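This is what each chain is made of:
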Amino acid sequence: MRKMFYYIAMTNTTPLHIGNGDNTLTDLDVIKDKEGKFFIPGTTLAGCFLHSLNEEDRKLFNPIVDENMTKQSPFFISDALIEEESISYETRDGIALDENKITKDGNKYDYEIVPAGYHFRFRIEVFDRNENVLYEKLVDQILASIDNQDIRLGYKTSRGLGAFKIERVGSKIFNKDNYNDYFNFDSHQLNNYNFYEFEALASKYLNMKISLKQQGGLSIRTYQTKKGEADFIHIHSGNKPVIPGTSWNGLFRKQFNYYLKLLPQGIEIENVFGADIDSEDKIKSNIYFKESTIHDYEILSMVRNKINRYDNSTIKGGLYKEESCYNGTTELEITLNKRSFNSQQIEIIKNILLLVIKDLDQGFIALGGETSIGRGLFKVEKVMIDDKCVCLEDAVC
């Protein structure tokens, strides 16, 4: 018999939302403890870990006697706590748009997020009665899946939220040879653990990275109400301009569907991008768009008038100030869940994605708002698929 302890330090590389069911500050508030500080419940971690495992490994993690009874799991998962003393929460707007970029009725909401870059720590404890080496392999698999982002936590994980990077892991194992040391062991302090290096795993996803250069301005608006400041600014996270995964998803889904209809391939759009928000039968998306941070940019301010589209006259009270992001560089990361498709379907989806990327490069599609006045255009500088450079001219179906 032995008791195994693991101390995991990790950083969220993208914003994060885990809700508490309240709508005090926004329509969807994040969960907080009694002191008002965000944390990740151990139940959330355990649920995501269990969901990531195959059927045999799930039996180890959550033993089942029969349909009506389960044994107590040998795994204990603690809450994940933030190391920083204070947290700068942000609010995101969420909307559902139709194919003409018009907001659907009743689909405007906002939600609270924790920005990227915070440091979390949590513990895994394993009570191993029979010294089963499979438990150690299972912990390795969970840690590797977090690190390569096969496991993501919380809300909108397929649209860029909830990704983490493992910074350090400590381990401590007690058995019959050193059980006396257990009574003086403080499991909450990383210094009491031995350094542990988990075994890396190959990703279960097709991974695409696209390096992009803005061709002019970009406007993905968020609203402000402070006196003396711009009425609209480009969306930021952690004081850096970003392109949310939801924005990338909307752009790619529309153009991807165009090619599916033009070149029938026996693949349904819902099987790739998930079921529409209005659909009764929800289907989880099998494609993931990571939030993109913009670098080397300029923020330009301008004062504009709203114009009556009927007679081109100025609308009374329609003077407003906006700030847009210009001439920056960014990287778009797309991952496709390969487990949901056969090899032929994966090749078809990859090539259609390359066609959409080529359209973005040629200016046939544009991102964000005010695209009719030249915003949202990009030049593709490099495309990588599973760490191999790909030429856009190879995009054929």
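Refer to the structure printed above.
Summarised in this report is the structure supplied together with it.

What counts, and where the lines are drawn
Residues numbered from 1 in each chain as written. Predicted model: local features only at pLDDT ≥ 70, side-chain atom pairs only at ≥ 80, totals over all residues. Heavy atoms only, no water. Helix = DSSP H or I, 4+ residues; strand = E, 2+ residues; numbered from the N terminus. Buried < 20%, exposed > 50% of the residue type's maximum accessible area, 1.4 Å probe, protein only. Contact = heavy atoms within 4.5 Å. Areas by Shrake-Rupley, 256 points an atom, 1.4 Å probe, with all protein chains shown as cover. Pairing = 2+ DSSP bridges. Expected span 1.5 Å × (residues − 1). Salt bridge = Lys/Arg side-chain N within 4 Å of Asp/Glu carboxyl O.

1. What to know about the overall build of the protein
Part 1: Secondary structure assignment for the protein yields 7 helices and 24 strands.
Part 2: In the protein, which comprises 397 residues, the share counted as buried stands at 46%.
Part 3: Within the protein, residue pairs in contact and separated by at least 24 positions form 73% of the contacts whose partners lie at least 6 positions apart.
Part 4: As displayed, the protein offers around 21,600 Å² of accessible surface, 47% of which is attributable to carbon and sulfur atoms.

2. With respect to the pairing of strand β23 (residues 378-385)
Part 1: Inspection of the sheet shows strand β12 (residues 205-214) paired to β23 by 7 bridges, in the antiparallel sense. Each bridged residue has a counterpart across the sheet, and for Ile210 the counterpart in β23 is Val383.
Part 2: Judged from the 2 bridges that link them, β23 and strand β24 (residues 388-389) form a sheet pairing that is antiparallel. Bridge pairing in β24 places Met384 opposite Cys389.
Part 3: Here β23 folds back onto β24, and the loop between the two strands holds 2 residues, one of which, Asp386, carries a positive phi near 50°.

3. Here we look at helix α5 (residues 245-262)
Part 1: Across its 18 residues, α5 extends 26 Å between first and last C-alpha, which sits within 8% of the 26 Å expected from 1.5 Å per residue.
Part 2: Of all the residues in α5, the buried ones are Gly245, Trp248, Asn249, Leu251, Phe252, Gln255, Phe256, Tyr259 and Leu260.

4. With respect to the sheet that holds strand β19 (residues 292-293)
Part 1: The 3 strands are arranged β16-β17-β19 in an open sheet whose pairing can be described as antiparallel. At either margin of the open sheet sits one strand with a lone partner, and together these are β16 (236-237) and β19.
Part 2: Pairing between β16 and strand β17 (residues 240-243): 2 bridges, direction antiparallel. Each residue of the ladder has a partner; that of Ser237, found in β17, is Lys240.

5. Some details on the environment of Ile151
Part 1: Counting through the fold element by element, Ile151 comes out in the loop between α3 (133-147) and β10 (164-174).
Part 2: A residue is classified by how much of its surface remains accessible, and Ile151, at 3% relative accessible area, is buried.
Part 3: For Ile151 and Leu45, which are 106 residues apart along the polypeptide, the C-alpha to C-alpha distance reads 9.5 Å.
Part 4: Setting aside anything within four residues of it in sequence, one finds Ile151 in contact with Cys48, Phe49, Ser52, Ile142, Ser145 and Ile146.

6. Quick notes on the pattern of salt bridges
Part 1: A complete count under the given rule lists 12 salt bridges for this structure.
Part 2: Salt-bridge contacts for Glu112 lead to Lys32; the nearest nitrogen and oxygen are separated by 3.0 Å. Of this pair, Glu112 sits in strand β8 (residues 103-113) while Lys32 sits in the loop between β1 (2-12) and β2 (39-40); the two residues are 80 residues apart in sequence, bridging distant segments of the chain.
Part 3: Overall, the relative accessible area of 4% leaves Glu112 in the buried class.
Part 4: Ionic pairing is found between Arg92 and Glu291, a salt bridge with its closest N-O pair at 2.9 Å. Of this pair, Arg92 sits in strand β7 (residues 90-97) while Glu291 is found in the loop between β18 (287-289) and β19, placing the two residues 199 residues apart along the sequence.
Part 5: Residues joined in a network through salt bridges with shared partners are Arg2, Asp128 and Glu136.

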